[in-house]
Amino acid sequence: MASFPPLGDLGAETAGLLARLGVTLGKAQGARPVHSPLTGEVIAKVPDTPADAVDRALAEAQDAFRIWRQVPAPRRGELVRRFGEELRRGKADLARLVTIEAGKISSEGAGEVQEMIDICDFATGLSRQLTGLTIATERADHRMMETWHPMGVVGVISAFNFPVAVWSWNAALALVCGDAVVWKPSEKTPLCALAVQALFERVADGFADAPPHLSTVLLGGADAGAALVDDARVAVVSATGSTTMGREVAPRLASRFARAILELGGNNAAIVCPSADLDLTVRAVAFAAMGTAGQRCTSLRRLIVHERIYDTLLGRLRRAYLSVSVGDPRAPDTLVGPLIDAGAFSAMQVALDAARGAGAVVTGGERLGADVLPGAYYVRPALVEMAAQEDCVRSETFAPLLYVLRYSDLDEAIRLQNDVPQGLASSIFTTDLREAERFLSATGSDCGIANVNIGPSGAEIGGAFGGEKETGGGREAGSDAWKAYMRRATNTINYGTRLPLAQGVTFEIE
């Protein structure tokens, strides 16, 4: 049963949320309209950052970095800890804003803000653990070690689907590492960025060690992102988006020897083995494929099912797809909210038409509520049964579209899993230890994320997040991802009176 939001009430609610979060629409008014995917209506207008202001912002960020890098790392961690506390206080309002501007259901909006809080906690502890190595040296009376230093200004280019969390993955780590941050959010979700910036400034303004302009937001389209990519003052660029975007960004960063953290496309698969717990599998597949209306880079796109259990599993999934609640993401019983815009809906229909042309059997995929909300794009998630992994399956479609394939042996399943250009996330559902370990081995999944008995979506911040191949190779969030925001120096100290040379080289002078 679908229920849809009424027209006309979102602008006032948005203004109230922004005011409580520290943003006034009076300051933010401009020429760029902001549409809510809930109804399609304009909820605000924001200004693009002028070119001269972009240049000034980068200069100010560089000045902030020169001061911030001298602040002890645990003290930098204290700022991030306080920011996490501010996020806790503003969680309900910021989560609601995420729902209105990005279309996420309420629990997912709250979960995204919780990710921000979690990464702040992680980064606070990390601020006392930015450690290097002591390295064995072949020379007597010498010590060799490595030290880590702040990198510089970090540019963050984020996408609409995680309008606040992805920035925080980068910013929390960059700040404790001693860097300044300049953020270019998606032009589809600028209000969330303004709200986060306001919360951060509220904390930084009361923190004596924090210089002005430690965090900056640039609003606009591709030109604002290009400024971060091309400006030599930006030492690191973390860019989240499509593989097409990455193909343009990567060579431009490489041309000036800047450091790139790329989080690009994902065409994620799950293998379901004969021994799988089907109750667990159905729930995991449903969330991974339909959650966030299929608009996560880790969303499940391909389901590779053993022929022995194919009919049983597909029957259960069809029922789930036909009955899942689609509609107003603010409603407590809604599980699937809207697509972000008309372009996303069009891309989904093109993909479905290509699949039908290849002989697919399609369950769902139709638009809902167009008669009451012509500017919003709600769709029933699509289950697409394919005879083979055609070209349309090997391309990522950012929508709730799940292709289903059969397999007969695990080698075939792993080959199908890996036979796509992308390499972000993957899963296997099995209770066979050998199958699970094979999947996680060097001859198994070729993705940056490989899971057993959970879906590919919903990563925790404690592990490094990112993928291989056309996903870009970047890593963010946990583990040792912090090293991307710092530069390494190898140090050798001679505390003796002689000068032995490495590798036995002799060089004697009179």
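Residues numbered from 1 in each chain as written. Predicted model: local features only at pLDDT ≥ 70, side-chain atom pairs only at ≥ 80, totals over all residues. Heavy atoms only, no water.

Asks: Account for the sheet that holds strand β4 (residues 142-150), naming residues and giving values.
Replies: In a beta sheet, neighbouring strands are held together by backbone hydrogen bonds and run either parallel or antiparallel to one another. Spatially, β3-β4-β23 is the arrangement adopted by the three strands of the open sheet, whose pairing is antiparallel. Strand pairing shows two members of the sheet lacking a second neighbour, β3 (134-135) and β23 (486-494), which therefore form its edges. By the bridge criterion, nine bridges tie β4 to β23 in an arrangement that is antiparallel. Its bridge partner being in β23, H149 is matched across the sheet by R487. (Pairing = 2+ DSSP bridges. Helix = DSSP H or I, 4+ residues; strand = E, 2+ residues; numbered from the N terminus.)

Asks: Describe unusual backbone geometry, listing the residues and the values that go with them.
Replies: The phi dihedral of A477 falls on the positive side, at around 75 degrees, and the residue is not glycine. Looking at the element boundaries, A477 is found in strand β22 (residues 476-477). For S479, which is not glycine, the phi torsion reads 55 degrees and is therefore positive. Topologically, S479 is positioned in the loop between β22 and β23. You can call S479 partly exposed: its relative accessible area is 45%. (Buried < 20%, exposed > 50% of the residue type's maximum accessible area, 1.4 Å probe, protein only.)

Asks: Before we move on, can you summarise the packing of aromatic side chains with the specific residues and values?
Replies: For the structure shown, the criterion picks out eight aromatic pairs. Between the aromatic rings of W148 and W482, the centroid separation amounts to 5.2 Å while the plane-to-plane angle is 65 degrees, which identifies the pairing as edge-to-face. Of this pair, W148 sits in strand β4 while W482 sits in the loop between β22 and β23, and the two are 334 residues apart along the sequence. Judged on exposure class, the residue W148 and its partner W482 are both buried. Arranged with centres 6.1 Å apart and planes meeting at 85 degrees, the rings of F160 and F398 form a pair that is edge-to-face. (Phe/Tyr/Trp six-rings, centres within 6.5 Å; stacked < 30°, edge-to-face > 60°.)

Asks: Tell me about the pattern of salt bridges, and please be specific about residues and values.
Replies: Taken as a whole and judged by the stated rule, the model has 35 salt bridges. Put simply, D93 and R20 hold a salt bridge, and the shortest N to O gap is 3.0 Å. A residue pair is termed long-range when its members are at least 10 positions apart, and D93 in helix α4 (residues 73-102) and R20 in helix α1 (residues 10-21) qualify at 73 residues. The partner of R202 in a salt bridge is E86, with the nearest N and O atoms 2.8 Å apart. With R202 in helix α7 (residues 190-204) and E86 in helix α4, this residue pair connects regions lying 116 residues apart in the sequence. The class for R202 is partly exposed, based on a relative accessible area of 40%. The class for E86 is buried, based on a relative accessible area of 8%. (Salt bridge = Lys/Arg side-chain N within 4 Å of Asp/Glu carboxyl O.)

Asks: Tell me about the pairing of strand β16 (residues 401-407), residues and numbers included.
Replies: Among the seven residues in β16, six count as buried, and that is most of the element. Direction of pairing for strand β11 (residues 300-306) relative to β16: parallel, over a ladder of five bridges. Bridged to L303 within β16 is V404.

Asks: How would you summarise the state of the cysteines if you had to cite specific residues and measurements?
Replies: Enumeration according to the criterion identifies zero disulfides in this entry. C192 takes part in no disulfide bond, and the closest cysteine sulfur to it belongs to C120, at a distance of 16 Å. Accessibility expressed as a relative area gives 0% for C192, which makes it buried. (Disulfide = S-S within 2.5 Å.)

Asks: Break down the packing of α1 against α4 for me, citing the residues and quoting the values.
Replies: Packing of α1 against α4 leaves a shortest axis separation of 10 Å and a crossing angle of 145 degrees. In terms of crossing hand, the pair formed by α1 and α4 is left-handed. Contacts between α1 and α4 involve L10, E13, T14, L17, L18, R20 and L21 from the first element and G90, D93, L94, R96, L97 and I100 from the second. (Axes fitted to C-alpha atoms, helices over the stretch in contact; angles between N-to-C directions. Left-handed = near helix turned anticlockwise from the far one by under 90°. Contact = heavy atoms within 4.5 Å.)

Asks: How would you sum up the side chain of T240? Please name residues and give values.
Replies: Relative to the helices and strands, T240 is located in strand β8 (residues 234-240). Once residues within four sequence positions are removed from consideration, T240 is found in contact with I157, S158, A159, V166, M245, E263 and E476.

Asks: Would you mind going over the environment of D432 in detail, with residue names and values included?
Replies: With respect to the element layout, D432 can be found in the loop between β18 (425-429) and α15 (433-440). When the C-alpha positions of D432 and F398 are compared, they lie 32 Å apart, and in sequence the two are 34 residues distant.

Asks: Can you lay out the packing of helix α5 (residues 106-126) against helix α6 (residues 165-177) for me, pointing to particular residues and giving the numbers?
Replies: Where α5 contacts α6, the two axes come as close as 9 Å, and the packing angle between them is 15 degrees. Taken together, the axes of α5 and α6 lie roughly parallel to each other. When the axes of α5 and α6 are compared, the crossing they make is right-handed. Taken together, the residues of α6 that come into contact with α5 (itself represented by E112, E115, M116, I119, C120, F122, A123 and L126) are A165, W167, S168, W169, A172, L173 and V176. Here the residues of the contact of α5 with α6 sort into 12 nonpolar, one polar and two charged. (Parallel < 35°, antiparallel > 145°, perpendicular 65-115°, else oblique. Nonpolar A, V, L, I, M, F, W, Y, C, P; charged D, E, K, R; others polar.)

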